[in-house]
Amino acid sequence: MAWRGVLPVYPSVSGHQGKYAMREIVNAILYQNRTGCQWEFLPHDMPPPGAVKYYFYLWRDEGTDQDVHDLLRWQLREKRKRLADPGLVVLDTRSVHASVGFPATTTGRDAAKKVPGRKRCLAVDVLGLVIDCGVLPASAHENTAGITLLDGVAGQCDTVKKALADQGFKKKVVEHGRHVGIDVEIVERYPDDKGFVPQAKRWIVEQTNGILMFYRRLVRDYEHRPASSRSRVLWAMTSVMSRRLTGATIASWRTA
């Protein structure tokens, strides 16, 4: 893949380039994301858990996971005959349960959905590709999530001029959108609709949330730091986009 040259090389003082190939480190991260296993349960034919964990956190802090993700997103959009950066995004949130022993400062309870844990916030384009992702306590209001996403989108893509959001996002998000140069439209639900009814363009973010649920590490939030949770989403989408670019397939863990 074209992202190979993006991964930095970390030579030691003696000039040694490292014992493990960076591609094998990436394979281990993607494997863990898909299967949801603990660090210690990585297969023995992969680099040791300590090495994989080291690079996962290093790339998270250096922003390398974001660089790899963005490069693939640009390539996939261009393959679909679109500009590298979008002009429209769709905003949404999903509350997920958190594992035990998490810091109280980074978790909460979603009063509406009755979910204790964290709130995963996504801004996606019309292809369902993630433009920005944020992770907040589940108790955070939708306005806080919307403002966080708008700031992230505006900081990454100056081409975005319009955002679609559901009725959970309120007036503050619309006003903040004007401040950052993004027109936020609240998509109203038809009064006669019952149950889940897909809404034009806005449904694509629901599809992306569904795709992320195939990655078992994301079914529940197992990361102590929200930054690690965000990195997990980026690596999951890196896997999705790599397969779309190459035409490869992957077995579902739901298959017997």
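On a predicted model such as this, the values are computed, not experimentally measured, just so you know. (Residues numbered from 1 in each chain as written. Predicted model: local features only at pLDDT ≥ 70, side-chain atom pairs only at ≥ 80, totals over all residues. Heavy atoms only, no water.)

Colleague: For this particular structure, what's the right way to read the pattern of salt bridges?
Modeller: Pairing is possible between side chains that carry opposite charge, provided their charged atoms lie close to one another. Summed over the entire model, instances satisfying the criterion amount to 15 salt bridges. Across the pair aspartate 70 and arginine 73 runs a salt bridge whose closest N-O atoms are separated by 3.2 Å. A residue pair is termed a helical-turn pair when its members lie 3 or 4 positions apart in one helix, as aspartate 70 and arginine 73 do in helix H3 (residues 64–79) at three residues. For lysine 162, the salt bridge is made with glutamate 185, and the minimal N-O distance between the two is 2.9 Å. Here glutamate 185 lies in strand S6 (residues 183–186) and lysine 162 lies in strand S5 (residues 162–165), a separation of 23 residues in the sequence. Three or more residues are tied together by salt bridges with common partners; here these are Asp70, Arg73 and Asp85. (Salt bridge = Lys/Arg side-chain N within 4 Å of Asp/Glu carboxyl O. Helix = DSSP H or I, 4+ residues; strand = E, 2+ residues; numbered from the N terminus.)

Colleague: I would appreciate a short explanation of the pairing of S6 in the present structure.
Modeller: The side chains of a regular strand alternate between the sheet's two faces. Of the pairings in the sheet, the one linking S5 to S6 comprises four bridges and is parallel in character. Its bridge partner lying in S6, alanine 165 is registered against isoleucine 186. Chirality of the crossover, the property in question, places the unit of S5, helix H5 (residues 171–180) and S6 among those that are right-handed. (Pairing = 2+ DSSP bridges. Right-handed = clockwise from strand over helix to strand, strands pointing away.)

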